[in-house]
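Structural overview
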Number of protein chains: 2
Amino acid sequence: MFLKEPKIVHVSEVKPEQVPNAEKTNIRVLFSPKETPTYAMRLFEIDVGGHIPAHKHPWEHEIFALEGKIKVKVDDKYFTLEPKTAIYIPPCSTHEYWNIGNVKAKFICTIPNKPTTIC
Amino acid sequence: MFLKEPKIVHVSEVKPEQVPNAEKTNIRVLFSPKETPTYAMRLFEIDVGGHIPAHKHPWEHEIFALEGKIKVKVDDKYFTLEPKTAIYIPPCSTHEYWNIGNVKAKFICTIPNKPTTIC
């Protein structure tokens, strides 16, 4: 089941948690899979020099960059995320992130509640 | 089917379109239902004094406010969206938006590709 009432939250009200296996990276879960019918919304924060190592899964991401400068590798392609840039990362692609700027990088990362395909 | 390759886009690269039945409101579709497996991502911009009238549908919204100040009515409750505030609007609730600030208001609005429930 999912929330039947509206939920409003400012990012400052959500406790940041360290992302396992990543360096200098926190996640704040704004809307979790348990709360939502279809997809979750999270805020990621990567400190200067931080890194999320390569990984893959059978679902997509839709990301919206808010602050800072991030390099993203998707399979063999590199992209740069600056504020107000959105990136769609398809299911089953290997992806990796680096903060390549000199300030904390922040982005919204949405993710479906269930796998989208089979890799 | 959906995009099998990554897509990156800056909001400035997406043409704004006027939202039908709304006042002083544009939408920029970053990732459309035709491109994505599960949900779409759009940027809404409401000019000063703009308004999106009350409506409802059998799917949720997950919204992240970027700029400006918006009043949102969900059924009989009022909320204020300021930057870095997220709101989940449940399926089948009646919702309405006003720009109550003195600058253009901008927010990311995500929406599932299919109805989530029956109202």
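Residues numbered from 1 in each chain as written. Chains lettered and ligands numbered in written order. Predicted model: local features only at pLDDT ≥ 70, side-chain atom pairs only at ≥ 80, totals over all residues.

So, the overall build of chain A
This is how it is decided: Counting from the N terminus, the helices are the DSSP runs of H or I reaching at least four residues and the strands are the DSSP runs of E reaching at least two. A radius of gyration in this sense is built from C-alpha atoms; the matching globule rule multiplies 2.2 Å by the number of residues raised to 0.38. With C-beta atoms placed from the backbone, a residue is buried if 20 or more other C-beta atoms are within 10 Å of its own, exposed if 12 or fewer are, and partly exposed between those counts. The contact criterion used here is simple: two residues whose C-beta atoms, placed from the backbone, lie within 7 Å are in contact.
A tally of helices and strands in chain A yields 0 helices and 10 strands. Along the chain direction, N to C, the helices and strands of chain A fall in the order β-β-β-β-β-β-β-β-β-β. Against the globule reference of 14 Å for 119 residues, chain A gives a C-alpha radius of gyration of 14 Å, in line with a compact fold. Counting only C-alpha atoms, chain A reaches 40 × 35 × 25 Å along its principal axes. Per-residue burial for chain A yields a buried fraction of 36% across its 119 residues. Looking at chain A alone, contacts between residues at least 24 apart form 67% of all its contacts between residues at least 6 apart.

Topic: the pairing of strand β9 (residues 95-99) of chain A
All names here are of chain A. Under the convention used in this document: Pairing between two strands is assigned when DSSP locates at least 2 bridges connecting them.
Because side chains alternate across β9, one face comprises the buried residues H95, Y97 and N99, and the other comprises E96 and W98, none of which is buried. As paired strands, strand β4 (residues 39-55) and β9 are joined by 3 bridges and run antiparallel to one another. Pairing of H55 across the sheet is with H95, part of β9. Here 5 bridges tie strand β6 (residues 70-74) to β9, and the two strands are oriented antiparallel to one another. Paired with I70 across the bridge in β9 is N99.

Quick word on the relation of the copies chain A and chain B
So the rule is basically this: Residues below a pLDDT of 70 in either copy are left out; the C-alpha atoms of the rest, at least 70 in both, set the least-squares superposition of the copies.
The transformation that overlays chain A on chain B combines an axial shift of 0.0 Å with a rotation of 180 degrees, and the residual RMSD is 0.0 Å. Here the two chains are linked by the operation of a two-fold rotation axis. Most of the interface of chain A is mirrored in chain B, where 100% of its interface residues again form contacts.

Examining the interface of chain A and chain B
Rule in force here: We call Asp, Glu, Lys and Arg charged. Ala, Val, Leu, Ile, Met, Phe, Trp, Tyr, Cys and Pro are nonpolar, and the rest, Gly among them, are polar.
Tallying the contact residues gives 36 residues for chain A and 36 residues for chain B. Ranked by residue count, the leading element in the side of chain A that touches chain B is strand β8 (residues 85-89) of chain A, at 5 residues. Of the residues in the side of chain A that touches chain B, the class split is 21 nonpolar, 7 polar and 8 charged.

With respect to the pairing of strand β5 (residues 61-67) of chain B
Two faces, one strand: in a regular strand the side chains alternate between the faces of the sheet. Residues and elements named next belong to chain B. Counted residue by residue, β5 has 6 buried out of 7 residues, so it is predominantly covered. The sheet contact formed by β5 and strand β8 (residues 85-89) spans 4 bridges and is antiparallel. What sits directly across from E62, in β8, is Y88. Here 5 bridges tie β5 to strand β10 (residues 105-112), and the two strands are oriented antiparallel to one another.

Some points on unusual backbone geometry
Residues and elements named next belong to chain B. The backbone of D75 sits at a positive phi, close to 50 degrees, despite the residue not being glycine. Here D75 shows up in the loop between β6 (70-74) and β7 (77-81). Under the C-beta neighbour-count criterion, D75 is labelled partly exposed, with 15 such atoms within 10 Å. In this structure, K84 is a non-glycine residue whose phi angle is positive, near 70 degrees. Position of K84 among the secondary structure elements: in the loop between β7 and β8.

Details of the environment of A:W98
Residues and elements named next belong to chain A. Along the polypeptide, W98 turns up in strand β9. As for W98 and G50, which are separated by 48 residues in sequence, their C-alpha atoms are 6.0 Å apart. Ignoring sequence-local partners within four residues, the contact set of W98 consists of H51, I70 and K71.

Considering the confidence of the model for chain A
How we decide: pLDDT is a residue-level measure of predictor confidence that goes from 0 to 100.
For chain A, mean pLDDT is 98; residues scoring 70 or higher make up 100% of the total. In the predicted assembly, ipTM is 0.98 and pTM is 0.98.

Digging into the environment of A:E23
Residue and element names in this part refer to chain A. Tracing the backbone shows E23 in strand β3 (residues 23-31). Between the alpha carbons of E23 and I63 there is a distance of 19 Å; along the sequence they are 40 residues apart. Ignoring sequence-local partners within four residues, the contact set of E23 consists of G50 and H51.

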